[in-house]
Every structure is written in C-alpha cells, then in structure tokens.
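# Close look at the chain arrangement
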Amino acid sequence: MTRSQVLQALMQELAARRGELLSRHTFVQVGGEADWLVTIRDSDTLIAAVRAAHCAGEPLAVLGAGSNVLIRDGGIRGVVLKNESKGCRQLGEGRVEVESGARFAALARSTARAGLGGLEWAAGIPGAIGGGLPTNAGAYGSDLSDVLVSVKTISPEGEIAEHRADALGLRYRDSEFRGGRLAGHIATSLTLQLRPSDAYASLAEIDRVESLRKANAPTGPSLGSTFKNPAAEYRTAGKLIEDAGLKGARIGAAQVSDLHANYILNVDVARARAIHFLALIEQIQDSVERYAGLRLEPEIAVIGEEAPIG
C-alpha cells in the first residue's frame, strides 16, 4: 500500500472527516479546513489516532474546546484531533484522574458535587483541561499547578510516558509543553489532588466565580483572553490596551471589546477571517509598545497555514 492508501485506511477506521471547516470547532469561529478531523471520545482512541498519524507520516494537531486558539485561514495540514475524551475517576484520598478533553467548568462542578474542592476557580474557564495545561491555565489567583500531581502523555512518535507536575516547568501561562522538551507531546490524562469540602459551599463559590466572569467577560465569539499580563508592569494587559486608547478598535470582523480590552471579538461571523484578528493583534502590540514601551505577548496559540494568495 502507498502512504496515501495507509492514511485513508487509518482515517476510515477512526471515522475521520475530510476537509472539515475548523471555524466550526473554535470559540472565535474562524479558521480554514483540516485535511482530516478525528473526534476523540476516550484516551485509548487518542493514543490510537496519534499512532495512526505517525504511521502515515502525517503532521498532527489537537483541539480541545477550541478556546484561546486562532487557526489561520489556510487551515491545518495532516490530522486534527478534536479531543472530547472526558472520563474521570476517583483514585481515593481526594485524588482524581481525568481525561484531557474534560472541560474545566464541568469538572469543577462534578468534583464539587462529589465533596472535593480545589477547582472552584476553574468554573469560569471555557476550555478543556488538557488544552489549559501548556499555559498553566488559571484564574482568580489560582492555576492548574496548584492541584496537578502528574500527567500521562503520548509523544508524536506514539510513546507513552508519565510526568510529575514538578517536572513540567509550570509557570505563568507557560510550561515545557510550549517550546520546551515536551513540545508536541499530548496529554492523555491528568491526576489532580483535591481536598475534602462541603459540596454546598464549593457550589456556592462556583456560582460566585461564574457571576464574576459573566460581569467582566464579553459573551459571543471571541479569542478569549488574548495577551499575557506583563510581569514587570502593574497594569494588566487589558488595562494597557484600554489606556492606549484601543477599546472598540476594529479591523474587519475583529474588534477589541468595550467591556474588557484583552478580549478580541468576532463581530461579523459570516465575513470573519483569521487575517483580521492577526492584523488587530499586531496593531495592539504596536500601539501598546509606543504608549508603554513594552510589547504584549499573546496568550493564545496561533496555528495553521496562511491562505493561498489569489
């Protein structure tokens, strides 16, 4: 069999969709086509899909909930895995093992109902826990490193490993998964250490967190929190963007939110393209650099290829 025939056979076995528009799978609702899109329902299928892509010599990308990611208009070559693996099991003494496609908000509520606290802060995060791992996702003074014990991963070559949390280089919006020794490795499951808690108190805290988010974060299609907060600056990225006079700034369908300036909204889904968002991101960086003498670093991941010219 040729490599193309091997790939087609493997993708058929995994019920992959060809030429799927990735704008259907991201919060911001932009992005070109995937050559192949495989929906993953459990960690075993995730492992099988990674190994299939490696066997066929195809590049591989992973999407969780599709938050905090911008996919270029040319789409993604090779195989894209849509991670919907959401299994969770208790290991005893407050420890839980959760598959990497589990959504933060749902996990926070389910563990709270089980009398386990420690994830209340995550109730307002829209993404998947595996997607939040590379950036050590956090909110309201807490982050994933506070509860993470270990991570099981699969390498691009299909090798399984387990890593202790203290070996992952977890820091503010960064880790070894972003350009470090684990770049390209995919989390299959995470083990968390939670604490006994009163279910009603934890659920009340989750309600409070969700109310805060609704009051301060825009609704509708967006990139979410677009830039990291600068370490050597007392103002947040959002405040710097606001002080630079960029609230409401717009290029095409991309617009800086009037409610929270670190959010870039999609205000015209039918005409939106990734190039609008990339251009506005660069405008924000240039304007803040002129105003404050520092260049904002994106928190979001930008992936995929530029659309062909012509």
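This one's a predicted model, so the numbers in the text were calculated from it and none came from an experiment.

Here we come to the overall build of the chain. Looking only at helices and strands, one finds seven helices and 19 strands in the chain. Taking the principal axes of its C-alpha atoms as reference, the chain extends roughly 60 × 60 × 35 Å. When each of the 310 residues of the chain is scored for burial, the buried share is 51%. Within the chain, contacts between residues at least 6 apart in sequence are counted, and of these 65% link residues at least 24 apart. Positive and negative side-chain charges of the chain, numbering 34 and 37 respectively, have mean locations separated by a distance of 3 Å.

With that settled, the discussion passes to the pairing of strand β7 (residues 95–99). Within β7, four of the five residues are buried, leaving the element largely enclosed by the surrounding structure. Here strand β6 (residues 88–92) hands over to β7 after two residues, with Glu-93 in that stretch at a positive phi of 55 degrees. Alignment of β7 against strand β13 (residues 186–193), held across five bridges, turns out to be antiparallel. Among the inter-strand pairings, Glu-97 is bridged to a residue of β13, identified as Thr-191.

On inspection of all chains with the given rule, the structure shows 25 salt bridges. Where Glu-306 meets Arg-72, a salt bridge forms, and the shortest distance between an N and an O atom there is 3.5 Å. Of this pair, Glu-306 sits in the segment after β19 (301–303) while Arg-72 sits in the loop between β4 (69–71) and β5 (76–83), and the two are 234 residues apart along the sequence. Among the ionic contacts, a cluster of salt bridges with common partners joins Glu-233, Arg-235, Lys-239 and Asp-243.

What follows is about the nonpolar core. Counting residues in each nonpolar core, the largest one holds 33 residues, and the members touching the most others are Ile-129, Leu-133, Leu-148, Leu-190 and Leu-192. Elements with a minimum of two residues in this core: β7, α3 (104–113), β11 (148–154), β13 and α5 (199–216). In terms of residue count, the dominant contributor to this core is α3 (four residues). Dropping the residues within four chain positions of it, Leu-190 is found in contact with Val-96, Glu-97, Val-98, Ser-100, Ile-129, Gly-130, Leu-133, Leu-144, Leu-148, Ser-150 and Val-151. With 25 residues, the next largest nonpolar core counts Leu-70, Phe-227, Ala-253 and Val-256 among its residues.

On to the sheet that holds β5. Strand order across the open sheet formed by four strands is β1-β2-β5-β3, with mixed pairing between neighbours. This sheet does not close on itself; its edge strands, each paired only once, are β1 (17–21) and β3 (60–63). With strand direction ignored, the average angle separating the axes of adjacent strands in the sheet is 45 degrees. Examined bridge by bridge, β3 and β5 share four bridges and lie parallel to one another. Note that in β5 the partner of Leu-63 across the bridge is Lys-82. Helix-sheet contacts for helix α1 (residues 3–13) involve β1, β2 (33–40) and β5, and the interaxial angle to β2 is about 40 degrees.

Before going further, it helps to examine the sheet that holds β11. The strand order β6-β7-β13-β11-β12 describes an open sheet built from five strands, whose pairing is antiparallel. Each of the sheet's edge strands pairs with one partner strand only, and the pair in question is β6 and β12 (160–164). On average, each strand axis in the sheet is tilted by 20 degrees relative to the strand beside it, whichever way the strands run. As paired elements, β6 and β7 share four bridges and run antiparallel to each other.

A separate point is the packing of α3 against α5. In contact at an axis separation of 8 Å, α3 and α5 are set at 160 degrees when each is read in the N-to-C sense. Relative to α5, α3 is oriented roughly antiparallel. Contacts between α3 and α5 involve Ala-108, Arg-109, Ala-112 and Arg-113 on the former and, on the latter, Ala-199, Ser-202, Leu-203, Ile-206, Asp-207 and Glu-210. In terms of residue class, the contact of α3 with α5 is made up of five nonpolar, one polar and four charged.

Another aspect to go through is the packing of aromatic side chains. Scanning all chains against the criterion turns up one aromatic pair. Centre to centre, the rings of Phe-104 and Trp-121 are 6.2 Å apart; their planes meet at 50 degrees, and the pair counts as tilted. With Phe-104 in helix α3 and Trp-121 in the loop between β8 (116–117) and α4 (129–132), this residue pair connects regions lying 17 residues apart in the sequence. For the pair formed by Phe-104 and Trp-121, the shared burial category is buried.

Interhelical geometry of α1 versus helix α2 (residues 43–56) gives an angle of 165 degrees and a closest axis separation of 9 Å. Viewed along their axes, α1 and α2 adopt a mutual orientation that is roughly antiparallel. Note on packing geometry: the crossing formed by α1 with α2 is left-handed. Packed against α1, whose contacting residues are Arg-3, Val-6, Leu-7 and Leu-10, the element α2 presents Ala-52, Cys-55 and Ala-56 at the interface. In the contact of α1 with α2, the residues fall into six nonpolar, no polar and one charged.

Basis of the calculations
- Residues numbered from 1 in each chain as written.
- Predicted model: local features only at pLDDT ≥ 70, side-chain atom pairs only at ≥ 80, totals over all residues.
- Heavy atoms only, no water.
- Helix = DSSP H or I, 4+ residues; strand = E, 2+ residues; numbered from the N terminus.
- Buried < 20%, exposed > 50% of the residue type's maximum accessible area, 1.4 Å probe, protein only.
- Contact = heavy atoms within 4.5 Å.
- Lys, Arg positive; Asp, Glu negative; His and termini not counted.
- Charge placed at Lys NZ, Arg CZ, Asp CG, Glu CD.
- Pairing = 2+ DSSP bridges.
- Salt bridge = Lys/Arg side-chain N within 4 Å of Asp/Glu carboxyl O.
- Core = buried A, V, L, I, M, F, W, Y, C linked by side-chain atoms within 4.5 Å.
- Axes fitted to C-alpha atoms, helices over the stretch in contact; angles between N-to-C directions.
- Parallel < 35°, antiparallel > 145°, perpendicular 65-115°, else oblique.
- Nonpolar A, V, L, I, M, F, W, Y, C, P; charged D, E, K, R; others polar.
- Phe/Tyr/Trp six-rings, centres within 6.5 Å; stacked < 30°, edge-to-face > 60°.
- Left-handed = near helix turned anticlockwise from the far one by under 90°.

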